[in-house]
Amino acid sequence: MGNTAPDDGLLALQAAVTRRRFLQRLAMTSAFGAASAALLANCSSDGDEGAPSTGAASTDGAGAATTSVEGSGTLEGFRVVGFSGGGTGKPLAELRIATQAPGAIVPGFAFDPGETVVRRLAWNSLVALDNEGNPVLADAESYTPNADLTEHVFTLRDGLQWSDGTPYDAQTYIDSLLYRLPLGGIFGPSWLVGMNDVLFNGADPSTLGYEAPDPKTLIFRSTAPVPFIERFLASNGDFFPIPMHLFADADSSEVLASMSDPANFVCNGPYVITENSPGSIVYERNPRFSSGGPAGVADRVVTTVFDAMRSSQSFNAFRSGELDVVTVGANDIPSVQADADLSARTTQIVWPNYNMVVVNHNREPLGDPRVRTALHLAIDRKVLAESVLSGSALPMEGLLSPGYEGYDPDFRAVDVADPAAEAQRLLAEAGFPGGEGFPELTYITQGDASFDLISQTLIGMWNDVLGITVKLQRLDPASWFSAVITPEDVAEWGDLADAPWPAAFRDPADTFPDLLYFGGVVYHHNWTMPDDLLARCEAALYEVDPVVRASALAEVNAAIMKELPIIPVTLLNDIQVRREGIAGQFAAYGSEFYGLRHVSAE
Amino acid sequence: MSANGTIARRVGRTGVVLLVVYAITFVCVRLTPGNPFAARAPRALSPDQQARLERQFGLDDPWPVQFVRYLFRALSGDFGVSYAHQGEDVVDVIVARAWPTMSLVGAALLVGLVVGVPLGVAAALRNDSWFDHLLSGVSTLGVAIPVFVATPVLVIVLSVYAGWLPAQGWDGLISTTAIIPIVVLALEPIAVTARFTRASMIEVLRSDHHRTARARGLARRTVVFRFALRNGLVPVTTITGLQVAGLLGSVVLVESAYNVPGLGKEFLAAITARDYPVVMAATLIFAAVIVVANLLVDVAYARLDPRIRSA
Amino acid sequence: MDQLVVSDLVVEFARAGHRVPVVRGVSFTLERGRRVAVVGESGSGKSVTALAVTRLLPPTASIRSGSISLDGSDLLGLPERSMEDIRGGRVAMVFQDALTALDPLFTIEQQIQAVLDRHAPRASRQARHDECLELMRAVGISDPERRLRAYPHELSGGMRQRALIATALAGDPEVLIADEPTTALDVTVQAQIVDLLRRLSDERGMAVILITHDLGVVADFADRVVVMYAGRIVEDAPADELFESPAHPYSAALLDSLPSLDGPRMRRLPSIGGAPPDPAALPAGCSFAPRCARATGECDSEPVLVTIGARRVACHHAGTA
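Residues numbered from 1 in each chain as written. Chains lettered and ligands numbered in written order. Predicted model: local features only at pLDDT ≥ 70, side-chain atom pairs only at ≥ 80, totals over all residues. Heavy atoms only, no water.

### Description of the overall build of chain C
For chain C, the helix and strand inventory stands at 10 helices and 12 strands. Whereas a compact globule of 321 residues would reach a radius of gyration of roughly 20 Å, chain C reaches 20 Å, a difference of no more than 12%. The principal-axis extent of the C-alpha atoms belonging to chain C is close to 70 × 50 × 40 Å. Taken across its 321 residues, chain C has 53% of its residues classed as buried. When the accessible area of chain C is evaluated, it comes to approximately 13,800 Å², of which 51% is carbon and sulfur surface. Computed over 34 positive and 42 negative side-chain charges, the inter-centroid distance for chain C is 3 Å. (Helix = DSSP H or I, 4+ residues; strand = E, 2+ residues; numbered from the N terminus. Rg over C-alpha atoms; globule rule 2.2 N^0.38 Å. Buried < 20%, exposed > 50% of the residue type's maximum accessible area, 1.4 Å probe, protein only. Areas by Shrake-Rupley, 256 points an atom, 1.4 Å probe, with all protein chains shown as cover. Lys, Arg positive; Asp, Glu negative; His and termini not counted. Charge placed at Lys NZ, Arg CZ, Asp CG, Glu CD.)

Here it is in structure tokens:
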């Protein structure tokens, strides 16, 4: 995913300019080896899957960036795995899972959990994800990056065809992106040559660094090294091909509407949609599957549409035998833990599903770092993660989550023996001893049950430890979005808000800048990163030597956390249960982590 | 002539009601913060992107212009394209989901009458007996238990523990998935119908004409079922019309609670997603159903009571 | 021959936990084919007595004692089933307000047919319809074909009362009890209805009990008049005798309050002073004494109903006037 989309023209321009300058400098100074795969392989040095690392030109087995959190003592009762990790590969006649209503059943027209499931099952791009969640070649037959990772050449397989038998090639890929660009749903990536100009300055899309010199070859040119391009392509719907022979001369709405009838549905993934109703989408094998990558273990996948993942509703459906695998919400975890059989078939999936508190630095006294630190230290993350959220979350102290280079589970933003006492001391030092004279703050939260649980706990802890009063303002997601993400007055949107952030895929180059680098594009903390810190951050993000990169990221993380521009709280994990006879798991959300094709018989 | 005049006035009034509902919905929907595109995008939209999308969907025009356009298109049956269901015509979105909703409401109404009326009659015939008191207690519960409580309770008991019924979903009206939602929805109609039937039957059983019928030697059974019941049902008919409105409210909650892919669930989802065209169309459908239901009630009323017919 | 014999009938109403007697030891007989008028102010117990005969008393009322027999068989001891055969079939009632006494939701024909089906089942549709027409003609309704299809609210007051009588006749009863059948009607129609009842009685040999508060409608109708006051019969006399010389002061007062047929039409009616007693708080002695011009110390004791010639009267002063 790209990191674009500022919320006003000036910011957009500043951001684009800053970013280009930074990337240019990076391109000049960095020395790149055959680094991409090595980098990724290194991430998994402590992973328990232990996939062998191979050369850069081949992506099969790029290494699992799995992070074990076993033995952390916080997750008793669960079998803990990393981001993904699959089944036994044994065929399964039918798999029944929960999903959400897809905004569209064709990639690049919507981006939501429901759409991601459709994309994972019915669509293929150049790269797909294997059993362990790692990139493997799919439509591509081979892949060659240049030395500095700024040019990536993919060679397509022979005989690629849509499920209706129509052949497609590299030009289809190009046409697919160009077709969707003017529709407004393409958000990047900003590293692709020309993309910022096309998105923000109305440049001609033919200037993009995305070319098909011949039907078998696709070239990506980037303004910076892109070591993660395989993961990006496996995850990002915008670069999936769409059946241009249907869309080319038609109104996209009409084609999408027609494709919602399974008789007219055309795709290129291992499954086709055979039934499509508002409550359920059924997939069966695509007899004309011509691509590579995993072909899917189940012969038939039945997805039932729910309003929310992790709901009691889907958990009850699982318990009454209507679903095979389900992700359990925090409310239902105690009943899983109480059931020995169920606990034995439970998996905890750790993924970068951030939950933070965004703080408006413009509002006094939140501009005072001592106050922010006090708020940070007053949170007992262990109690929150283990008791309140029943172990379905990990305490989070920094911006790096498991799976990122430089992540250290023992990192503390402020390392003191007695955090509560230190919090009280800092607040007193800031002029509010015992919370006296501290203004009442407003905390804006989304209506979701687990957010509500977290918000109320935080407010309680702040009150207990600091003696301050925070008022909870519950909004529905769209209202929350317009209050916190796109406020009319960026400086005055409010005091505090919950900041959930499911990172689209596992690279800090995606996460860091979105959170912090653009200084409030995503969350309006109104904090500007000091220039020197910005420089260190930029250097660390695009450092290619994995060891240097890890330590540089850890240092940057620590430096940023000294300022506490945003208060990290927890990482929300997926607790997944599966019925007897099923192996493997998939995450509820987070485009990289769908092991759907890999759930299998035990 | 006067009948035609009445009908014309009726239709006119119906049109005005629907127009007002449409206008109020339009304003409410637009006053709600948030916009249909921002929250669905993986990133915050740039003003450019936002503007482009708004232009594409005609949201950049002033409200009155948008409203008039909505209205005239709606009059020709064109409700536009859903924002949340990419490319899908709003009419298709509605049609695909209308059947579960309408069949649930219809079935609950029917169950309400089929169960509620006999219960009410029985209670009236045994006025002040233990059965009467039990029924009045139980019917208070029926009205008091909210559907979003009743649904999960039934699911836990009947699906999760007993394993008799599915815990969610919709396989059609004639399927095990319909049982829990219909039962939950029918609770209030049963209770209300039973209460009204009881009250009106007690009144009828005390009436002069009931006494006349008895004085003619007609057996109690004949009098109750051939004559009194029809009298007793006149006020129940009115209540049944009002219940349609109540049921449309409940069905939204029940569909969400039982994961029924119907209009009610879609309505909530559309509000959450700020899918304006779907919200507008669904509101109109709901309003139209209420209007039609009340029309049917008036027809039934007139059929039952000749005094209304000639009035 | 005595067809209907009511003796010592006591009916009580439950009111606020107390039992209030509203009919206190009423006895009278009705001979086959004869016409009796029961006259009294409202609350005198006349309607309750009639309802007791058909056992249609409201649930709050109960028959304390006494007996009612029809052709020698005790009606009070009959099971409800058998009573249903008697109601409408042998003893029919016509209630006062035909608008409420007829079911508003059904046509006249439907309501007559229901009674026919019950007491005189006819095989064919046509036969039943013909019977309805016959009954409509019998009660003097013109254009019966059309009126049969009408609903009660579509008929005029008099027509409605005739239709109500038609439903009563459908069971071909031996005794017709008409409870204030003319109250809601204007004077001309009142006379027509009373005429009709008399004609029907003559034609069918049907005994009629006419319950009314208006002695005026009784004169040309009844063979005998029973006057009730505060739950008791105060006088029971052949009609001509009563009109000639009422024995009880109350009867006399009722007669006095009649508009004179000879006098100026607008002459103010002398009404009886005072109001009937509350049945829950009856005065000791003669109930009428407080309103009676002739009350004396004697009246402190309750007078018994004594037979004097062809009449019965309950007054200490009877025969002394």
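### Things to note about the overall build of chain A
For chain A, the helix and strand inventory stands at 19 helices and 22 strands. Going through the 602 residues of chain A one by one, you find that 63% of them count as buried. Across chain A, the fraction of contacts at a sequence separation of at least 24, relative to all contacts at a separation of at least 6, is 71%. Taken as a whole, chain A presents about 19,500 Å² of accessible surface, with 51% of it coming from carbon and sulfur. (Contact = heavy atoms within 4.5 Å.)

### Here we look at the nonpolar core
In this structure, Val11, Ile112, Ile165, Ile177, Leu215 and Val225 of chain C are the most contacted members of the largest nonpolar core, which totals 101 residues. Ranked by the residues each element gives to this core, the list is headed by helix α7 (residues 157-169) of chain C, at seven residues. Each residue touching isoleucine 165 of chain C, except ones within four places of it in the same chain, is listed here: Val94, Val139, Ile193, Leu196, Leu197 and Leu200 of chain C. Counting 68 residues, the second-largest nonpolar core is a separate cluster that includes Tyr173, Trp191, Phe239 and Ile273 of chain A. (Core = buried A, V, L, I, M, F, W, Y, C linked by side-chain atoms within 4.5 Å.)

### Quick notes on the confidence of the model for chain A
All names here are of chain A. Averaged over chain A, the pLDDT score is 77; the fraction of residues at 70 or greater is 78%. With pLDDT under 50 throughout, residues 1-84 is counted as low confidence; its partners more than four residues away or in other chains account for 193 contacts. Taken as a whole, residues 517-521 scores under 50 in pLDDT and shows 18 contacts with residues more than four places along the chain or in a different chain. (pLDDT = per-residue confidence, 0-100.)

### Focus: the interface of chain C and chain B
Taken residue by residue, the interface counts 27 residues in chain C and 22 residues in chain B. Carbon and sulfur atoms make up 57% of the area that chain C and chain B hide from each other, which totals about 2,300 Å². Contact with chain B buries area across many residues of chain C, yet Phe95, Leu105 and Phe106 of chain C alone supply 26% of it, more than any other trio. For aspartate 117 of chain C, the salt bridge is made with arginine 226 of chain B, and the minimal N-O distance between the two is 3.7 Å. Scanning the region where chain C abuts chain B turns up 12 residue pairs in polar contact (both at pLDDT 80 or more). Of all the elements in the fold, those that place two or more residues in the side of chain C that touches chain B are α2 (80-86), β6 (91-94), α3 (98-101), α4 (108-119) and α7 of chain C. Looking at the side of chain C that touches chain B, the element that brings in the most residues is α4 of chain C, giving six residues. (Buried area = accessible area lost by both parts, 1.4 Å probe. Salt bridge = Lys/Arg side-chain N within 4 Å of Asp/Glu carboxyl O. Polar contact = N/O pair within 3.5 Å; in protein donor to acceptor, adjacent residues only side chain to side chain.)

### Concerning the packing of aromatic side chains
Counting across every chain of the model gives 26 aromatic pairs over all chains. Ring plane angle 70° and centroid distance 5.1 Å describe the contact between tryptophan 191 of chain A and phenylalanine 232 of chain A, whose orientation is recorded as edge-to-face. One end of the pair, tryptophan 191 of chain A, is in the loop between α4 (170-180) and α5 (195-201); the other, phenylalanine 232 of chain A, is in helix α6 (residues 229-235), with 41 residues separating them in the sequence. Between tyrosine 83 of chain B and tyrosine 276 of chain B the ring centres are 6.1 Å apart and the planes differ by 70°, which places this aromatic pair in the edge-to-face class. Of this pair, tyrosine 83 of chain B sits in the loop between α3 (63-75) and α4 (90-125) while tyrosine 276 of chain B sits in helix α11 (residues 276-304), placing them 193 residues apart in sequence. For tyrosine 83 of chain B, a relative accessible area of 3% translates into the label buried. In this structure tyrosine 276 of chain B comes out as buried when scored by relative accessible area, which is 6%. (Phe/Tyr/Trp six-rings, centres within 6.5 Å; stacked < 30°, edge-to-face > 60°.)

### Brief notes about the state of the cysteines
Residues and elements named next belong to chain C. Following the criterion strictly, the structure yields zero disulfides over all chains and no others. Looking at the unpaired cysteine 292, the closest cysteine sulfur is the one in cysteine 299, lying at 6.1 Å. Of the residues examined, cysteine 292 reaches a relative accessible area of 13% and is grouped as buried. (Disulfide = S-S within 2.5 Å.)

### Some details on helix α6 (residues 147-161) of chain B
Taking 1.5 Å of rise per residue, 15 residues should cover 21 Å, and α6 of chain B covers 20 Å from first to last C-alpha, within 8% of that figure. In α6 of chain B, a bend of some 30° at valine 155 of chain B exceeds every other bend along the element. All buried positions along α6 of chain B are accounted for by Val147, Ala150, Thr151, Val155, Ser159 and Val160 of chain B. On its buried face, α6 of chain B is in contact with α9 (312-319) of chain A together with α7 (179-205) and α9 (220-258) of chain B. A positive phi of about 70° marks glycine 163 of chain B, the residue just after α6 of chain B. (Expected span 1.5 Å × (residues − 1). Bend = angle between axes of the 7 residues up to and from the residue.)

### Re the pairing of strand β20 (residues 574-578) of chain A
Residues and elements named next belong to chain A. Among the five residues that make up β20, five are buried, leaving the element largely enclosed by the rest of the structure. Bridging between strand β12 (residues 325-328) and β20 involves four bridges; their strand directions are antiparallel. Residue pairing in the sheet places valine 326 in a bridge with valine 577 of β20. Examined bridge by bridge, strand β13 (residues 346-349) and β20 share four bridges and lie antiparallel to one another. Bridging from a neighbouring strand, isoleucine 349 pairs with aspartate 574 of β20. (Pairing = 2+ DSSP bridges.)

### Side note on unusual backbone geometry
Glutamate 364 of chain A connects to proline 365 of chain A through a cis peptide bond whose omega is 5°. Following the sequence through the fold, proline 365 of chain A ends up in the loop between β14 (353-359) and α12 (369-377). With phi around 50°, aspartate 8 of chain C is a residue other than glycine that occupies positive phi space. Along the chain, aspartate 8 of chain C turns up in strand β1 (residues 2-15). Phi is positive for aspartate 71 of chain C, close to 50°, though the residue is something other than glycine. The topology assignment puts aspartate 71 of chain C in the loop between β4 (61-70) and β5 (73-74). Of the residues examined, aspartate 71 of chain C reaches a relative accessible area of 31% and is grouped as partly exposed.

### Remarks on the confidence of the model for chain C
In low-pLDDT regions, the fine details of the predicted coordinates are not to be read closely. Residue and element names in this part refer to chain C. Here chain C averages 86 in pLDDT, and 95% of its residues register 70 or above. Mean pLDDT across the elements of chain C bottoms out in α3 (84) and peaks in strand β3 (residues 35-39) (93). Predicted confidence for residues 263-269 stays below pLDDT 50, and this span has five contacts to residues more than four positions away or in other chains. Interface confidence for the predicted complex, given as ipTM, is 0.86, next to a pTM of 0.80.

### Observations concerning the pattern of salt bridges
Using the criterion set out here, one finds 55 salt bridges over all chains in the structure. Of the charged contacts in the structure, one is a salt bridge between aspartate 368 of chain A and arginine 370 of chain A, with a shortest N-O distance of 3.0 Å. Aspartate 368 of chain A gets classed as buried once you look at its relative accessible area, which sits at 17%. The partner of arginine 15 of chain C in a salt bridge is aspartate 278 of chain C, and the shortest N-O contact between them spans 3.6 Å.

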